[in-house]
Amino acid sequence: MAPGTPPASVVIVGAGQGGFQTAASLREYGHTGRITLISAEDALPYERPPLSKAFLKDDTYLEGGAPLWLRPATYYVRQDIDLVAGTVTALDRAARTVRLADGSAYAYDHLVLATGARPRTLGVPGSGLRGVHTLRTARDAAALRQSLGAARRAVVVGAGFIGLEFASVARESGCEVTVVEACDRPLARAASARTAAYFARLHRDAGTRLLCGHGVAAVHGNGRGGVSEVELTDGRPLPADLVLTGVGVTPNTELAAAAGLVVDGGIAVDSRLLTDDPRISAVGDCAAFPQVRSGNRLRLESVQNAVGHARLVAERLTGAPSSRTYDELPWFWSDQFSTTLRIAGVDERHDAEVVLGEGPDAFSVLLFDGDELSAVESVNRTGDHLAARRLLSERVPLGPGEASAPGFTLKKHLAARRRGAAVPFD
Ligand SMILES: Cc1cc2nc3c(=O)[nH]c(=O)nc-3n(C[C@H](O)[C@H](O)[C@H](O)COP(=O)(O)OP(=O)(O)OC[C@H]3O[C@@H](n4cnc5c(N)ncnc54)[C@H](O)[C@@H]3O)c2cc1C
């Protein structure tokens, strides 16, 4: 295959958000060759965000999983996308084939690794007891939902997004909920201290016990294979009939590493999402890619990231100019109780912040790295989030001084800068 020639056959390993989108975008952008989408999960490709939210409480999600599907089964037939069930266990780069656990093999001209990530486990005694859950797949969510139906006391380990989203659902369903977090605050990896403090209050006001700065030493059983108690490292017992562990994920990089591809906190790709093998790309949660603003290699876990990566790879493989590099603005959302947090941009470090918004339950935190806006966290302020996405992706200059001026709004600033005028304040 000459450089720049569209590949006749594309094999995609992993049929989650990134893998599905790669296949869909390839067809949308005119790929006429073969597309094989290999799924380790016994389900049509589906979206994960509802798994920690609506799926747990809304009965419509129980109807055969259909509300989760990204497309119905007929779509794959119509689009001539060969959806194969199985786990890829080996990648032979010289022969350009992948081999599945059942021994079958698929040849590729281009391979896309979209293997996602898996939950980290607690690794303490008792982690395997019935009633101790992690949450990544629809199967996990179904088991969790079932446990939740019978639970009175839930302990959530980890106050990241998955843990807090589940905690809000569990509290709404009438459970006593305790959240245990090793860091001194929730959302330590994901949001500013100010936003985290808001969510800590939101959960505490709803009656959830939030224990920060605590580790888990063990999980104890009830003698019948089920969980009865979580023991903290200080010896404190927390009675529980359901435990959700949400302590982060490990990217699925083993296949890439075994094939000799560079792995650096994720499957290492360049700004075109190519690995160090020009016939292999990686997208989504498994891919560590250079962030445009800082140049740092970054791995993001979001729908936007997986979809954005997938589209760029599909664009490249269908013959678009290969020079386009991945420079999409990351954004993310989380729903807890009736509150929606939306984040635009990435806060790798900030030294100034400005808060916009009048009400205690609707505000935006603008985070600045020097004189540059790097991220905006909006709580119940959709307008701010949308304006922030534009400002950040268009790189509209904004410093903390300007943002602190009376009457400042992101929307007006965006409009004024687009007109090239001075920013009007009222
Ligand atoms: C409960 C939950 C809630 C979330 N909520 C939000 C949210 O509110 N907003 C947001 O932006 N993001 C959210 N996310 C994150 C988002 O869903 C992920 O970032 C996104 O799914 C990543 O897509 P992906 O294709 O990289 O990985 P995945 O969707 O995880 O897909 C990877 C697939 O690859 C398969 N696979 C792995 N190895 C192999 C192999 N060797 N052979 C074959 N198949 C393989 C896996 O089984 C999996 O099906 C949430 C995630 C979870 C789990």
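Residues numbered from 1 in each chain as written. Predicted model: local features only at pLDDT ≥ 70, side-chain atom pairs only at ≥ 80, totals over all residues. Heavy atoms only, no water.

**Quick look at the overall build of the chain**
- For the chain, the count of helices and strands is ten helices and 26 strands.
- Relative to its length of 426 residues, the chain is compact, with a C-alpha radius of gyration of 23 Å against a globular reference of 22 Å.
- Along the longest, intermediate and shortest principal axes, the C-alpha atoms of the chain span 70 × 60 × 40 Å.
- Here the chain holds 426 residues, and 51% of them are scored as buried. (Helix = DSSP H or I, 4+ residues; strand = E, 2+ residues; numbered from the N terminus. Rg over C-alpha atoms; globule rule 2.2 N^0.38 Å. Buried < 20%, exposed > 50% of the residue type's maximum accessible area, 1.4 Å probe, protein only.)

**Focus: the environment of Thr253**
- Inspection of the secondary structure assignment puts Thr253 in the loop between β17 (249–251) and α6 (254–258).
- Since its relative accessible area comes to 11%, Thr253 is described here as buried.
- Residues Thr253 and Arg299, spaced 46 residues apart in sequence, show a C-alpha to C-alpha distance of 12 Å.
- Not counting residues up to four positions away in its chain, the partners in contact with Thr253 are Val263, Gly266, Ile267 and Cys286. (Contact = heavy atoms within 4.5 Å.)

**Remarks on the site of the ligand**
- Lining the immediate environment of the ligand, one finds 32 residues, of which Gly18, Glu41, Lys53, Arg136 and Asp285 sit closest.
- The protein chains hide 93% of the 1000 Å² of surface that the ligand would expose on its own.
- Only α1 (17–28), α7 (303–317) and β22 (331–336) provide two or more residues apiece to the shell around the ligand.
- The dominant element in the shell around the ligand, judged by the number of residues it contributes, is α1, at three residues.
- Lining the shell around the ligand are residues from two domains, each supplying at least three of them: domain 1 (9–118 + 250–318) and domain 2 (121–247). (Near = heavy atom within 4 Å. Areas by Shrake-Rupley, 256 points an atom, 1.4 Å probe, with all protein chains shown as cover. Domains from an automatic or database assignment.)

**Here we look at the environment of Val283**
- Checked against the element boundaries, Val283 lands in the loop between β19 (280–282) and β20 (287–290).
- Sequence separation between Val283 and Gly19 is 264 residues, and the spatial gap between their C-alpha atoms is 7.7 Å.
- Beyond its immediate chain neighbours, meaning those up to four positions away, Val283 contacts Gly18, Thr22, Val112, Leu113, Ala114, His309, Ala310 and Val313.

**Looking at the domain arrangement of the chain**
- Domain parsing of the chain yields domain 1 (9–118 + 250–318), domain 2 (121–247) and domain 3 (338–419).
- Distance from the C-alpha centre of domain 2 to the C-alpha centre of domain 3: 32 Å.
- Here domain 2 meets domain 3 over a buried area of about 910 Å², counting both sides, of which 61% is carbon and sulfur.
- If you look at where domain 2 meets domain 3, you find one salt bridge.
- A salt bridge links Arg194 to Glu353; the nearest nitrogen and oxygen atoms lie 2.9 Å apart.
- Ranked by residue count, the leading element in the side of domain 2 that touches domain 3 is helix α5 (residues 193–205), at six residues.
- For the side of domain 2 that touches domain 3, the class distribution of residues is six nonpolar, two polar and two charged. (Buried area = accessible area lost by both parts, 1.4 Å probe. Salt bridge = Lys/Arg side-chain N within 4 Å of Asp/Glu carboxyl O. Nonpolar A, V, L, I, M, F, W, Y, C, P; charged D, E, K, R; others polar.)

**Some remarks on the nonpolar core**
- By size, the foremost hydrophobic cluster in this structure holds 49 residues, and its most contacted members are Ile12, Ile38, Leu91, Val98, Leu111 and Leu113.
- Each residue touching Ile38, except ones within four places of it in the same chain, is listed here: Val11, Ile12, Val13, Gly14, Ala15, Val84, Gly86, Val88, Val98, Leu100 and Tyr106. (Core = buried A, V, L, I, M, F, W, Y, C linked by side-chain atoms within 4.5 Å.)

**Points about the sheet that holds strand β11 (residues 176–181)**
- Spatially, five strands are ordered β9-β16-β10-β11-β12 in an open sheet, and the strand pairing comes out parallel. The two strands at the open ends of the sheet, each matched to only one other strand, are β9 (132–133) and β12 (209–212).
- Where β11 lies against β12, four bridges are found, and the strand directions are parallel. When the sheet's bridge partners are listed, Glu181 is paired in β12 with Cys212.
- Against the sheet, helix α3 (residues 138–150) engages β9 and β16 (242–245), with an angle of about 145° to β16. (Pairing = 2+ DSSP bridges. Axes fitted to C-alpha atoms, helices over the stretch in contact; angles between N-to-C directions.)

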